[in-house]
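Coordinates in review
Okay, here's what each chain looks like letter by letter:
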Amino acid sequence: MNIENTKDALILSGFEEFLAGLLNQITICSDPEVGGKAVERLYPNPCDEAELNADWKEYVQPDLKVIFQTANEVVNGDLACIEQISKGERPEFSLKIPLTHAESWLNSLNQARLALAANFEITETDMERGPKPISTERELAIFQIELYAFIQECLVQRLLSEE
Amino acid sequence: MAPLEGTLVEKKTQTSTSLDVPWNVVVRNDPINLMSYVTLVFQRVFGYSKERATKHMMEVHENGRSILWSGQREQAELYVQQLHGYLLLAVLEKAH
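These numbers come from a predicted model, not from an experiment.

**Quick notes on the sheet that holds strand S4 (residues 92-98) of chain A**
Residues and elements named next belong to chain A.
- The antiparallel open sheet is built from four strands, whose spatial order is S1-S2-S4-S3. Every other strand in the sheet has two partners, leaving strand S1 (2-5) and strand S3 (83-86) as the edge strands with one partner each. This sheet shows a mean twist of 25° between the axes of neighbouring strands, independent of strand direction.
- For strand S2 (residues 9-16) and S4, the ladder comprises seven bridges, and the chain directions are antiparallel.

The structure is reproduced here in structure tokens:
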């Protein structure tokens, strides 16, 4: 995958269908309908007080849902524009992330990474070990977390360089 | 004075939180969140310099938690809400 910084965007290019497929799963990974432990992680309690936690669930979590959904909608819009840049046996693709969408991307990528980690019980040790062949769903989840982390890091560095 | 017969005496225990008691905004470690991302969020939410934000991020990373801010409960809740919007593991704690 190549990364190009232009004046107003981050462009990922030269990636194959497999990676394009994983990119298209960014917003699916954190879908609350999928449920599981991800929901717990995406909507944590703010303290140990039952009353405040109940209020939080009622009044704050709906706002958080809106933030997360809005970010996912922006990302889905950009993902819909993934372009095939070469044909042949192993076609290559390209994706443009406008800098004005960077905050939404950071949010969606983080939702996806945290949801995957929660659902597959990924630990710090899993994250620190070297690359392994993808032979299970769990291995695929670790690969996805790392792929999304790479894009997130590129966006963070770009945003920091703009400040 | 003894209560009248048949009068229900309610015992009330009132707990009150003094307005003066500060609340801490604490961020806990999460192995998935990127260090650079956490630093960026601290800069955005609290307006901290890169150095100060990095110091707190390292505290979270090395000690498992860092107190990012202390003050009135209402403001502390707003900060925690913002941090949850960025998907950080933030909690409110009464300062001791």
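Still more to cover.
**As for the packing of helix H1 (residues 35-46) of chain B against helix H2 (residues 50-63) of chain B**
All names here are of chain B.
- Relative to each other, H1 and H2 sit at 130°, their axes nearing to 8 Å. Relative to H2, H1 is oriented oblique. Crossing handedness for the pair H1 and H2: right-handed. Residues Met35, Val38, Thr39, Phe42 and Gln43 of H1 form the contact with H2, whose own contacting residues are Lys50, Ala53, Thr54, His56, Met57, Met58, Val60 and His61.
- When grouped by side-chain class, the residues that make up the contact of H1 with H2 number seven nonpolar, five polar and one charged.

**Focus on the pairing of strand S1 (residues 23-28) of chain B**
Residue and element names in this part refer to chain B.
- S1 sits mainly inside the fold: five of its six residues count as buried.
- Where S1 and strand S2 (residues 65-71) come together, six bridges link them in antiparallel fashion. What sits directly across from Arg28, in S2, is Arg65.
- Note that S1 and strand S3 (residues 90-94) share five bridges and pair antiparallel. Paired with Val26 across the bridge in S3 is Val91.

**Considering the side chain of A:Gln111**
- In this fold, A:Gln111 is placed in helix H5 (residues 102-119).
- Here the side chain of A:Gln111 touches A:Asn72 through a polar contact of 3.3 Å, side chain to side chain.
- Ignoring anything within four residues of it in the chain, the contact list for A:Gln111 reads A:Ser30, A:Leu42, A:Phe68, A:Ala71, A:Asn72 and B:Leu87.

**Remarks on the environment of B:Arg52**
- Secondary-structure assignment places B:Arg52 in helix H2.
- Note: C-alpha distance between B:Arg52 and B:Thr39 (13 residues apart in sequence) is 8.9 Å.

**A word on the interface of chain A and chain B**
- Facing 32 residues of chain A, the contacting portion of chain B comprises 27 residues.
- Taken together, the connections running from chain A to chain B amount to three salt bridges.
- Across the pair B:Asp30 and A:Arg41 runs a salt bridge, and its minimum N-O distance is 2.5 Å.
- Elements with a minimum of two residues in the side of chain A that touches chain B: helix H3 (37-42), helix H4 (50-79), H5, helix H6 (124-128) and helix H7 (137-162) of chain A.
- A per-element tally of the side of chain A that touches chain B places H5(A) first, with eight residues.

**Focus on the nonpolar core**
- With 70 residues, the main nonpolar core has B:Phe42 and B:Leu83 as its most contacted residues.
- Excluding residues within four positions of it along the chain, B:Leu83 makes contact with B:Val25, B:Val27, B:Val41, B:Phe42, B:Val45, B:Phe46, B:Leu88 and B:Ala90.

**A look at the packing of aromatic side chains**
- Applying the stated criterion across every chain, the model contains seven aromatic pairs over all chains.
- Cluster of aromatic residues (ring-pair linked, three or more members): B:Phe42, B:Phe46, B:Tyr48, B:Trp69 and B:Tyr79.
- The side chain of A:Lys65 reaches across the aromatic face of A:Tyr43, ending 5.8 Å from its centre.

Reading guide: rules and limits
Residues numbered from 1 in each chain as written. Chains lettered and ligands numbered in written order. Predicted model: local features only at pLDDT ≥ 70, side-chain atom pairs only at ≥ 80, totals over all residues. Heavy atoms only, no water. Pairing = 2+ DSSP bridges. Helix = DSSP H or I, 4+ residues; strand = E, 2+ residues; numbered from the N terminus. Axes fitted to C-alpha atoms, helices over the stretch in contact; angles between N-to-C directions. Parallel < 35°, antiparallel > 145°, perpendicular 65-115°, else oblique. Left-handed = near helix turned anticlockwise from the far one by under 90°. Contact = heavy atoms within 4.5 Å. Nonpolar A, V, L, I, M, F, W, Y, C, P; charged D, E, K, R; others polar. Buried < 20%, exposed > 50% of the residue type's maximum accessible area, 1.4 Å probe, protein only. Polar contact = N/O pair within 3.5 Å; in protein donor to acceptor, adjacent residues only side chain to side chain. Salt bridge = Lys/Arg side-chain N within 4 Å of Asp/Glu carboxyl O. Core = buried A, V, L, I, M, F, W, Y, C linked by side-chain atoms within 4.5 Å. Phe/Tyr/Trp six-rings, centres within 6.5 Å; stacked < 30°, edge-to-face > 60°. Lys NZ or Arg CZ within 6 Å of the ring centre and 35° of its normal.

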